[in-house]
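Fold and geometry: a report
Listed here are the chains, written in short residue letters.
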Number of protein chains: 2
Amino acid sequence: MSAKSGRGGHHPTMDQVAAAAGVSRATVSRVINNAASVAPGIRDAVQRAITQTGYVPNVAARSLVTRRSDSVALVISEPDRPDDHSFLNRIFTDPYFGRVTAGATGALRPHDVHLVVVPTDADDHHQVVRYLRQGHVDGVLLISSSEHDPLPAQVHALGIPAVLASRPSGPLPVSYVDVDQRHGARLAAEHLLARGCRSLATISGPLDIPAGADRLDGFRAVAGAPVPAEIGDFTRVGGETAAHRLLDQHPGLDGLFVASDLMAEGALRALQDRGRRVPDDVAVIGFDDSSAALECRPPLTTVRQPVEEMAAEMAQLLIAHIHTPGRSPRSVIFQPTLVIRDSA
Amino acid sequence: MSAKSGRGGHHPTMDQVAAAAGVSRATVSRVINNAASVAPGIRDAVQRAITQTGYVPNVAARSLVTRRSDSVALVISEPDRPDDHSFLNRIFTDPYFGRVTAGATGALRPHDVHLVVVPTDADDHHQVVRYLRQGHVDGVLLISSSEHDPLPAQVHALGIPAVLASRPSGPLPVSYVDVDQRHGARLAAEHLLARGCRSLATISGPLDIPAGADRLDGFRAVAGAPVPAEIGDFTRVGGETAAHRLLDQHPGLDGLFVASDLMAEGALRALQDRGRRVPDDVAVIGFDDSSAALECRPPLTTVRQPVEEMAAEMAQLLIAHIHTPGRSPRSVIFQPTLVIRDSA
DNA sequence: TTGTAAGCGTTATCAG
DNA sequence: CTGATAACGCTTACAA
């Protein structure tokens, strides 16, 4: 009612709401955090005052005392890329990251925690580490793409709750979610063999990241150790050039496992350039079952990874860690499945 | 030296640093915010104490008093998409957003402000608005993709500093950065005409977003109003299906302007499927000059938009607005250029 | 140049 | 069930 509380500029304070509702600030706080005991009548009055004044809690003041910010970061780290910002091109070009974001967002929403995406390369590692240390977020979902990435260890050392999107390269007592990479690659090899392919080959991901090495291992375990392999970088053009190298050296290959759908799309183009028909001349299997698989011509047979569910699981684990500080690390492994379309 | 300040758990407080350095907390604060007057000796001692204790300012406490968080959000809003999370697939599949992120990050770094990416659709508009109101960030770089998106107006109403990535649909006193869309489209039309094309057509973006409508207008201004146009959605498959429709109705077309490189990539595929050779049978020009243009076969002639520079400019404007609250809105328009490759 | 002390807007612990 | 009243960790006049 006072002149002062009437306007309140752009950001009414809790005291102003309290005044408007004729209660104490403590009661307003209780209503907002819907604490058990507040008389229904009072509660309504406070709610009214809140909407009337357009009150929004000041997050700084709140988290100063609660030590929580109700938001978590999805950090996408790519330390090895060239010094320019080309890593951002990869991130915003590969459907994988969108799927992770979608899965995490969905799982976080019911908990009322915000998700912010933070891409980073070696250049701003420090900036990001500082961001995390400063307490902007309560925890981290971390996608790291190199075994030389110091970030996972740093985050762990910082003691900030974290969940990795894949098995850590080194031994690190941290929770993570992953798919059974080897098994997925085996499925691909078996399918190719069952299809009658005689000369198998593969385009792997970078070998310094577990997903790259594991998919290669798994494929070789079934296809035979000496199968030709070229290393790609999980990009479309990377897949394309790798396929060309492969075809140069092994013109007779008739079955190809590519460690990601995006690379497979590139490989398909190389195959087409060389006049090989898919799947008649060479059968191709991808990995991920991302939107890229459906954009392939022909539609790509691929190893499906339930990325959205995996990301949701990551979010759940992270929430648990945030909620229970001492909680011991846990890892959950999803099983991949083969999705058969037209390329193999 | 005391037992208490010796360990200090994971988060030493400023008082502990002060104690370690034998000064008052105020002095530590001055050193951290490198205020003018601190004796060199003292300053060093404090610096030592800081690194020794591993001190990091508590952002909540700090921003409670400064009212700044030293971080801004890049909000990517796509309100019209289907109810699932497919909008995230678009965002993480179109190189444009990576370029914006790169440009903004680069411009923000010298100011020591963090950038967080926040994708949002209609489902979590509220969540995002709350995030912004709560004061997690000092300002917003906003990419909005529909004239029906309420976010720009909401953000403006909230009074939080903001810069849009394109001309707002309605009249809104807010700063923005844009490229001269019409001019870019004109460049494309002129080039096609100069090349001798007789039957032009275009695949536009959604008409409810300025970039979509403006590029169409500009093209028609030069190519002639009745040129056939099909509407795409800025995705590759959208471009592909639009091209098919166009070819069904106008089999004789020999010059095609596609309002984005990604759509052009799809159009190229449609052209190839129908046995049209590019550029011999039909010349194709894209828009953006993104990485997609180089992945096209043949490499795409396209209207270049200096997205990174534009994003950097956005960041500068935002910093200015944050620094000077009352500052009046400003818009800066970049000029597009034609990049000639092999498709036209 | 440095220290003292008063907040910043919440939550949370007490009494009442 | 509600209301005072301490913190929370930092910045910033104001004094010294």
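Each value, and the rule that gives it
Residues numbered from 1 in each chain as written. Chains lettered and ligands numbered in written order. Predicted model: local features only at pLDDT ≥ 70, side-chain atom pairs only at ≥ 80, totals over all residues. Heavy atoms only, no water. Helix = DSSP H or I, 4+ residues; strand = E, 2+ residues; numbered from the N terminus. Buried < 20%, exposed > 50% of the residue type's maximum accessible area, 1.4 Å probe, protein only. Contact = heavy atoms within 4.5 Å. Buried area = accessible area lost by both parts, 1.4 Å probe. Salt bridge = Lys/Arg side-chain N within 4 Å of Asp/Glu carboxyl O. Polar contact = N/O pair within 3.5 Å; in protein donor to acceptor, adjacent residues only side chain to side chain. Nonpolar A, V, L, I, M, F, W, Y, C, P; charged D, E, K, R; others polar. Domains from an automatic or database assignment.

A look at unusual backbone geometry
The peptide bond linking Val 278 of chain A to Pro 279 of chain A adopts the cis configuration, its omega dihedral lying at 10°. On the secondary structure map, Pro 279 of chain A appears in the loop between α13 (261-273) and β9 (283-288). Residue Pro 298 of chain B follows Arg 297 of chain B across a cis peptide bond; omega there is 0°. Positive phi values are uncommon outside glycine, yet Asp 70 of chain B reaches one of about 55°. Position of Asp 70 of chain B relative to the elements: it lies in the loop between α5 (59-66) and β1 (71-77). For Asp 70 of chain B, a relative accessible area of 22% translates into the label partly exposed.

Here's the deal with the interface of chain A and chain B
Taken together, the 58 residues of chain A in the interface contact 58 residues of chain B. Interface of chain A and chain B: buried area, both sides summed, is about 5,000 Å²; carbon and sulfur atoms make up 50% of it. Notably, a salt bridge pairs Arg 297 of chain A with Glu 240 of chain B, separated by 2.6 Å at the nearest N-O pair. Taken together, the links from chain A to chain B amount to 25 residue pairs in polar contact (both at pLDDT 80 or more). Among the elements that take part in the side of chain A that touches chain B, helix α7 (residues 95-108) of chain A stands out by supplying six residues, more than any other. Its residues placed into classes, the side of chain A that touches chain B shows 22 nonpolar, 21 polar and 15 charged.

As for the domain arrangement of chain A
Residue and element names in this part refer to chain A. Here chain A is described as being made up of domain 1 (14-57), domain 2 (71-179 + 307-334) and domain 3 (181-304). Its C-alpha centre places domain 2 at a distance of 28 Å from the equivalent point of domain 3. Contact residues are listed per partner, giving 16 residues for domain 2 and 15 residues for domain 3. The shortest N-O distance in the salt bridge between Asp 214 and Arg 167 comes to 2.5 Å. The tally of links between domain 2 and domain 3 comes to six residue pairs in polar contact (both at pLDDT 80 or more). Of all elements in the fold, only α7 and β5 (175-179) reach the threshold of two or more residues within the side of domain 2 that touches domain 3. Taken together, the residues of the side of domain 2 that touches domain 3 break down into two nonpolar, five polar and nine charged.

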